Amino acid sequence: MKIFIDTANLDMIKEVNSWGILDGVTTNPSLIAKEGVDTPTRVKEIAKIVDGPISAEAMSLDAEGMIAEGRKLAAIYPNINVKLPMCIETLKATKVLSSEGIDVNVTLIFSAQQALLAAKAGARYVSPFVGRLDDIGLHGCDLVGDIMQIFMNYDFDTEVIAASIRGPAHVIEVAEMGCDIATIPYNVLKMMVSHPKTDEGIQKFIADYSKVNKN
Ligand code: E4P
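Residues numbered from 1 in each chain as written. Predicted model: local features only at pLDDT ≥ 70, side-chain atom pairs only at ≥ 80, totals over all residues. Heavy atoms only, no water.

1. Structural notes on the overall build of the chain
Okay, so step 1: Counting its secondary structure elements, the chain contains 11 helices and eight strands.
Okay, so step 2: Seen through its principal axes, the chain has C-alpha atoms that stretch 70 × 35 × 30 Å.
Okay, so step 3: Taken across its 215 residues, the chain has 46% of its residues classed as buried.
Okay, so step 4: For the chain, the proportion of contacts with a sequence separation of at least 24, taken over those separated by at least 6, is 57%. (Helix = DSSP H or I, 4+ residues; strand = E, 2+ residues; numbered from the N terminus. Buried < 20%, exposed > 50% of the residue type's maximum accessible area, 1.4 Å probe, protein only. Contact = heavy atoms within 4.5 Å.)

Here's what the structure looks like:
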């Protein structure tokens, strides 16, 4: 499974990139606003750090505007893909942008039928929001499984990005399903590294080592 980081914070991106496990980055307008910079500036900076795909969201609500914005974002750096929120205008824009070789990540996916339509329009990625479905009393990971089954039935090339990940359990559940990508916040990535028994084991080895080694 590919691991993306879901942030626009450069320090977090640099750190996780140094771990050797990072395949890409997703941003959204809220994440970029937190950093106090504009989208083109920030995605350009991210593209200098990470080789893999970087999602940058276009804000137009009509297909024409999305296409124009999408072309500009994609022109910033070759690995930038255009993130568009699921709606009819996005389907139209996805068809045009994908036919020009520009990758589109259709975001805010909350149903399998939305994912099916996005894939048919030529989306390179769809992003089902696991955590936000959990927030309304559903089991968000089920949606990831449903979408993957449909894409497999029809051999769609569209990759599924499990988004709105809230904890390591989400990551493992979608990984067990064989999900293509999980986009994971920094705090969850840190949680995935640690285990109290690992920390305890390290401390014990250090203590035992120092009993018989001078340096
Ligand atoms: C997806 O690409 C979004 O940036 C993100 O995963 C949204 O997550 P949230 O529900 O925690 O805001």
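2. Side note on the pairing of strand E4 (residues 80–85)
Okay, so step 1: Among the six residues of E4, six are classified as buried, and the element is accordingly described as predominantly covered.
Okay, so step 2: The alternating pattern of E4 places Ile80, Val82 and Leu84 and Asn81, Lys83 and Pro85 on opposite faces, both of which are buried.
Okay, so step 3: Note that strand E3 (residues 54–57) and E4 share four bridges and pair parallel. Looking across to E4, one finds that Ser55 is bridged to Asn81. (Pairing = 2+ DSSP bridges.)

3. Brief notes about the side chain of Thr90
Okay, so step 1: Tracing the backbone shows Thr90 in helix H5 (residues 88–99).
Okay, so step 2: Classification of Thr90 as buried rests on a relative accessible area of 0%.
Okay, so step 3: Residues contacting Thr90, with those up to four places away along its chain left out, are Met66, Leu84, Pro85 and Val106.

4. A closer look at the sheet that holds strand E7 (residues 159–162)
Okay, so step 1: Spatially, the eight strands close up into a barrel ordered E1-E2-E3-E4-E5-E6-E7-E8, and their pairing is parallel. On average, each strand axis in the sheet is tilted by 30 degrees relative to the strand beside it, whichever way the strands run.
Okay, so step 2: Across two bridges, the pairing between strand E6 (residues 125–128) and E7 is parallel. Counted as the bridge partner of Tyr125 is Glu159 from E7.
Okay, so step 3: Where helix H4 (residues 63–76) meets the sheet, its contacts fall on E3 and E4, and the angle it forms with E4 comes to roughly 155 degrees.
Okay, so step 4: Across the sheet, helix H10 (residues 186–193) touches strand E1 (2–6) and strand E8 (181–184), and the angle it forms with E8 is around 110 degrees. (Axes fitted to C-alpha atoms, helices over the stretch in contact; angles between N-to-C directions.)

5. Re the site of the ligand
Okay, so step 1: As a structural note, the neighbourhood of the ligand is formed by Asp6, Thr26, Asn28, Lys83, Phe129, Arg132, Ala163, Ser164 and Arg166.
Okay, so step 2: When the free accessible area of the ligand is taken as 340 Å², the share hidden by the protein chains comes to 85%.
Okay, so step 3: The class makeup of the residues in the shell around the ligand is two nonpolar, three polar and four charged. (Near = heavy atom within 4 Å. Areas by Shrake-Rupley, 256 points an atom, 1.4 Å probe, with all protein chains shown as cover. Nonpolar A, V, L, I, M, F, W, Y, C, P; charged D, E, K, R; others polar.)

By themselves, these are just geometric observations and shouldn't be taken as functional.
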